[in-house]
Amino acid sequence: MAENGAFEKRREGVPCWVDAQLSDVEAGKRFYGELFGWTFQDAETEEEAAAGESVRACLDGEPVAALVRKTDGRMPTVWSVYFRTPDAAALTARIRAGGGQVVTPPHPVGDLGSAALAADPDGAVFGLWQPGRRTGFGRRGEPGAFAWAELYTRDTEAANAFYGDLFHDALFGPDASPDFGRARVSDVFPAEMPPHFLVHFLVEDVAAGLAAVARLGGRVRVPPFEASYGRVAVVSDGQGASFALLQR
């Protein structure tokens, strides 16, 4: 994950990191470097390599994402979101109790922290990160950085109940300012699309972002539409990893 103390005190359930699983990390660097102005740092330690970081993406020198080289071609080419937790083992127990599944149990990543992968009762996969030396995004909520995670699910009421139990304060607390929403798959995608999380990156101009995506070899998956949290377009990079551009 990433390192910066600015978000260390954020509550359980706040998105704190994103990564993309790619077959060709060098191609990913060219695509995202041009699109978002990211620079990249190769994994420098065994712990970083164990965390899956082939390269860490930075914006103005601060970490914002990781591009991960797939070790198995059968793995999906996807962007994943990680939610912060002070206790990954306790949280995975609550996930199971709530009807979810643990895909990868919590495991330490040197002194960086602990990671896990889980799936909600509808099958949407998400990550957990228990901070150690790495705490989360160095930058967020600004152009070129993470701004929102939307869960597309078949049952928003069930999703609100499941995630509300897991992350109540972050989502529904009295001074919560969540950057994680829930919507029906069929609101944006074909009804047969599996439930999934969609990572959103902030841009100053969606139209300009779409032109850049096309120029760089990506594709527009869903043309711009208005959501409660801004103007959104769903795109994919040249390797098929989908994400959203968000203009506010």
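Computed from a predicted structure; not experimentally measured.

**Here's the deal with the domain arrangement of the chain**
When the parts of a complex come together, some accessible area is lost, and that lost area is often used as the size of the interface. Structurally, the chain comprises domain 1 (14-131) and domain 2 (145-247). Computed over C-alpha atoms only, the centres of domain 1 and domain 2 are separated by 17 Å. With 34 residues of domain 1 at the contact, the number on the domain 2 side is 36 residues. Buried area between domain 1 and domain 2, both sides added, is near 2,700 Å², and the carbon and sulfur share of it is 72%. Of all residues in domain 1, Phe31, Trp79 and Asp122 give up the largest surface area on contact with domain 2, accounting jointly for 22% of the area buried on that side. At the surface where domain 1 touches domain 2, the tally comes to two salt bridges. The residue Asp122 makes a salt bridge to Arg154 at a minimum N-O spacing of 3.3 Å. The interface formed by domain 1 and domain 2 holds eight residue pairs in polar contact (both at pLDDT 80 or more) in total. Residue assignment for the side of domain 1 that touches domain 2 shows that the elements contributing at least two residues are β1 (15-22), α1 (25-36), β5 (79-84), α3 (88-97) and β8 (125-131). Tallying contributions element by element places α1 first for the side of domain 1 that touches domain 2, with seven residues. For the side of domain 1 that touches domain 2, the residue count by class is 22 nonpolar, seven polar and five charged.

**Re the packing of aromatic side chains**
One pass over the full model with this rule turns up 28 aromatic pairs. Ring geometry for Phe36 against Phe201: centres 5.1 Å apart, planes inclined by 45 degrees, an arrangement best described as tilted. Of the two residues, Phe36 sits in helix α1 while Phe201 sits in strand β11 (residues 196-202), which places them 165 residues apart along the sequence. In this pair, the class of Phe36 matches that of Phe201, namely buried. Judged by centre distance (5.1 Å) and plane angle (50 degrees), the ring pair of Phe83 and Phe180 falls under tilted. Within this pair, whereas Phe83 is found in strand β5, its partner Phe180 is found in strand β10 (residues 180-184), the two being separated by 97 residues in sequence.

**Details of the pattern of salt bridges**
Two side chains bearing opposite charge may form a pair once their charged atoms approach each other closely. Summed over all chains, the structure comprises 11 salt bridges. Measuring nitrogen to oxygen at the nearest pair gives 3.6 Å for the salt bridge that ties Glu34 to Arg215. Placement of Glu34 in helix α1 and of Arg215 in helix α6 (residues 206-215) is noted, with a sequence separation of 181 residues between them. With relative accessibility at 47%, the residue Glu34 sits in the partly exposed group. One salt bridge connects Arg133 with Asp111, and the closest N-O pair in it is separated by 3.4 Å. Of the two residues, Arg133 sits in the loop between β8 and β9 (146-153) while Asp111 sits in the loop between β6 (101-109) and β7 (113-119), which places them 22 residues apart along the sequence. Look at Asp111 and you get partly exposed, because its relative accessible area is 47%.

Rules and cut-offs
- Residues numbered from 1 in each chain as written.
- Predicted model: local features only at pLDDT ≥ 70, side-chain atom pairs only at ≥ 80, totals over all residues.
- Heavy atoms only, no water.
- Domains from an automatic or database assignment.
- Contact = heavy atoms within 4.5 Å.
- Buried area = accessible area lost by both parts, 1.4 Å probe.
- Salt bridge = Lys/Arg side-chain N within 4 Å of Asp/Glu carboxyl O.
- Polar contact = N/O pair within 3.5 Å; in protein donor to acceptor, adjacent residues only side chain to side chain.
- Helix = DSSP H or I, 4+ residues; strand = E, 2+ residues; numbered from the N terminus.
- Nonpolar A, V, L, I, M, F, W, Y, C, P; charged D, E, K, R; others polar.
- Phe/Tyr/Trp six-rings, centres within 6.5 Å; stacked < 30°, edge-to-face > 60°.
- Buried < 20%, exposed > 50% of the residue type's maximum accessible area, 1.4 Å probe, protein only.

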